[in-house]
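# Observations on the model geometry
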Amino acid sequence: MRDEVLQALKQVKSYYYEYFRSGQAFDENSFFPKLEKHYQWPFTPEPVKSEFLKWKKELHSLYFILQIIENPEVEEIIFHQFNLAQIIQRNSREEFVDLPFLDEEEFQHLLEYLAYIGHCEWNFQKPFISFSLKLDAHDLRCSLSHYSLSSQKRSKLFLRTKKKSSIDIESFFNKKEMAQSTLDLQDEKKNILVAGATGSGKTTFLKEMLNLSNRSDHLMILEDTAEININNKNTTYLLSNNVSNISDLLTYSLRMRPDQIVIGEIRSSEVIPYLMAMNTGHGGISSSIHANSSIDSIHRLALLFQIYHAKEGVSYNQVIKLICQSLDYIYFLENKKCIEVIKVLSSENGNPVVETIYRESGKYQKPFELPNVISLHS
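All of the points below concern the structure found in this document. (Residues numbered from 1 in each chain as written. Predicted model: local features only at pLDDT ≥ 70, side-chain atom pairs only at ≥ 80, totals over all residues. Heavy atoms only, no water.)

### Some points on the pairing of strand E11 (residues 285-290)
Formally: Burial classes: relative accessible area under 20% of the type maximum marks a residue as buried, over 50% as exposed, and values in between as partly exposed (1.4 Å probe, protein chains only). Each helix is a run of DSSP H or I of at least 4 residues and each strand a run of E of at least 2, with the numbering of both proceeding from the N terminus. We call a crossover right-handed when, viewed with the strands running away from us, the connection from the first strand over the helix to the second turns clockwise.
Buried residues dominate E11, accounting for five of its six residues. You can see the chain leave strand E10 (residues 260-263), run along helix H9 (residues 271-279) and come back into E11, and the turn it takes is right-handed.

Below, the structure written as structure tokens:
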């Protein structure tokens, strides 16, 4: 009898996956009659109904995710496949855990359910999405990679936890006076770029810097996933969507009398209005970028500009000059610490001219052996 129930349950699940993908809202009074008609069953046995409803409730409760993120040291979880997840902790420890899914089909449905509750479209046309997810008292950033992107035909889930408590901006520096200096630069409407690798603390640094900014300033925060929430009532939050990307939002924001503009991260075409806004005299623009060093962030901006700029004939040297005329300071972060601050002065023949304002002891002892940089040490 038990084997018959399990076999029937497998069929019910398979039908439910298609039912869910069709966009139909689940109601057991309509679901089971449609199921019976589909399989030409005279009725659905009560044990099968009970097992299915229990399974559905348990799966959609996301209990297995809650069990993992209850550990405050967990920073990110990567679900590589239906039976394996990689847990990355803030103390640099990593471990792999088994997952409770029965098969890839069940796992795929769970990811489709996450996209649904995140109000996102996720399919062959939109194979990669990222959105905010609240699970009990936990705030998460959820990213989904569709199996159509994978040679192994596997979808993946990436969950990053957001810290509940604020980090004092002083904790990013070995010298406390640097924290006050950073806030002074912000009040002076300097254009600041925060650079670093994934997980280096770029978003947290921006958030804490903004939390201590002038309360009378009108702040514009532009993101593709809501991560920067600050304690300032004079803040306008704009999120990109299928209609308006970050580049569009930046164009809109310039018409809203902002005192400061924040772009969550520069990844692609938003680099064009970002540099143009700074070059036309708008100060107080802050953003972050993935880079391997302070100087590397300048060259990454230049490369992105050349990739996404529609007009030909703009040389790399001209782009470097535009960046160095517009950008004031670059903060480079590593492992939740600011290890270098440079002031961008100008450029000479495509070489950035910078001044080192701050460097954490023991870091970057020979930082300027890279080509295309002229350093003036303070």
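### A few points about the packing of H9 against helix H11 (residues 316-326)
Cut-off, in case you're wondering: Axes, fitted as lines to C-alpha atoms, cover a helix only where it is in contact. Angles between the N-to-C directions of the axes lie from 0 to 180 degrees. Here roughly perpendicular refers to angles of 65 to 115 degrees, roughly parallel to angles under 35, roughly antiparallel to angles over 145, and oblique to all remaining angles. Each crossing is labelled by how the near helix is turned from the far one, with a counterclockwise turn of less than a right angle marking it left-handed and a clockwise turn marking it right-handed. By the convention used here, residues are in contact when the closest approach between their heavy atoms is within 4.5 Å.
Relative to each other, H9 and H11 sit at 55 degrees, their axes nearing to 8 Å. On the basis of the axis angle, H9 is oblique to H11. Here H9 runs over H11; the crossing is left-handed. Together, Leu275, Met276, Met278 and Asn279 of H9 and Leu322, Ile323, Gln325 and Ser326 of H11 make up the contact between the two elements.

### Brief notes about the packing of aromatic side chains
Short version of the rule: Note on ring pairs: Phe, Tyr and Trp rings are taken, using the six-membered ring of Trp, and paired if centres are within 6.5 Å. Classes follow the plane angle, with under 30 degrees stacked, over 60 edge-to-face and the rest tilted. Lysine NZ or arginine CZ positioned within 6 Å of the ring centre and within 35 degrees of the ring normal marks a charge as sitting over the ring.
Under the defined criterion, the tally for this structure stands at 29 aromatic pairs. On the basis of an interplanar angle of 50 degrees and a centroid distance of 6.4 Å, the ring pair of Phe20 and Tyr113 is categorised as tilted. Taken together, the residues Phe20 in helix H1 (residues 2-21) and Tyr113 in helix H5 (residues 104-117) connect sequence positions 93 residues apart. Relative accessible area serves as the criterion here: at 15%, Tyr113 is assigned to the buried category. Taking the centre distance of 6.1 Å and the plane angle of 85 degrees together, the rings of Phe32 and Phe52 count as edge-to-face. Highlighted residues: Phe32 in helix H2 (residues 28-39) and Phe52 in helix H3 (residues 46-60), separated in sequence by 20 residues. The residues Phe32 and Phe52 share a single accessibility class, namely buried. The residue whose ring lies beneath Lys49 is Phe32, and the NZ or CZ to ring-centre distance is 5.0 Å.

### A look at the pattern of salt bridges
For clarity, the threshold we go by: We count a salt bridge whenever a side-chain nitrogen from Lys or Arg sits within 4 Å of a carboxyl oxygen from Asp or Glu.
Counting across every chain of the model gives 13 salt bridges. Close ionic contact of Glu112 with Arg21 constitutes a salt bridge, the shortest N to O distance being 2.9 Å. Here Arg21 lies in helix H1 and Glu112 lies in helix H5, a separation of 91 residues in the sequence. Note that Glu227 is salt-bridged to Arg141, the shortest N-O span being 3.3 Å. Separated by 86 residues along the polypeptide, Glu227 in the loop between strand E8 (219-223) and strand E9 (235-239) and Arg141 in strand E5 (residues 138-145) bring together distant segments of the chain. For the pair Glu227 and Arg141, a shared accessibility class is recorded, and that class is buried. Overlapping salt bridges bring together Glu18, Arg21 and Glu112 as one network.

### Here's the deal with the sheet that holds strand E6 (residues 156-161)
The cut-off we apply is this: Only strands joined by at least two bridges in the DSSP assignment are considered to pair.
Taken in spatial order, the six strands of this open sheet run E3-E2-E1-E6-E5-E4, and their pairing is antiparallel. In the strand order of this sheet, the two ends are held by strand E3 (94-97) and strand E4 (128-135), each with one partner. Recorded for the sheet is a direction-independent mean angle of 20 degrees between the axes of neighbouring strands. Where strand E1 (residues 74-81) meets E6, four bridges bridge the pair, whose relative direction is antiparallel.

### Here we look at the nonpolar core
Rules: What is meant by a nonpolar core is a set of buried Ala, Val, Leu, Ile, Met, Phe, Trp, Tyr and Cys residues, joined one to another through side-chain atoms within 4.5 Å.
Core analysis: the largest hydrophobic core is formed by 47 residues, its most contacted members being Phe31, Ile77, Phe79, Leu110, Leu114, Leu144 and Leu159. Excluding anything up to four places from it in sequence, Leu110 contacts Leu59, Leu62, Phe64 and Phe101. By size, the runner-up hydrophobic cluster in this structure holds 38 residues, among which are Met220, Ile266, Ile272 and Ile289.

### Structural notes on the environment of Val271
Here Val271 lies in helix H9. Relative accessible area serves as the criterion here: at 0%, Val271 is assigned to the buried category. Residues contacting Val271, with those up to four places away along its chain left out, are Ile266, Leu301, Leu304 and Phe305.

### With respect to the packing of H1 against H5
Think of two packed helices as two axes; the pair is described by the angle between the axes and how far apart they sit. Formally: Each residue receives one of three labels: charged for Asp, Glu, Lys and Arg, nonpolar for Ala, Val, Leu, Ile, Met, Phe, Trp, Tyr, Cys and Pro, and polar for the others, Gly being one of them.
Running from N to C, H1 and H5 point in directions that differ by 30 degrees, and their axes come no closer than 11 Å. One element, H1, and the other, H5, form an angle in the roughly parallel class. Like other packed secondary-structure pairs, H1 and H5 cross with a definite hand, here left-handed. Of H5, the residues touching H1 (which contributes Lys13, Ser14, Tyr16, Tyr17, Phe20 and Arg21) are Glu105, Glu106, Gln108, His109, Glu112, Tyr113 and Tyr116. Looking at the contact of H1 with H5 residue by residue, the class counts come to five nonpolar, three polar and five charged.

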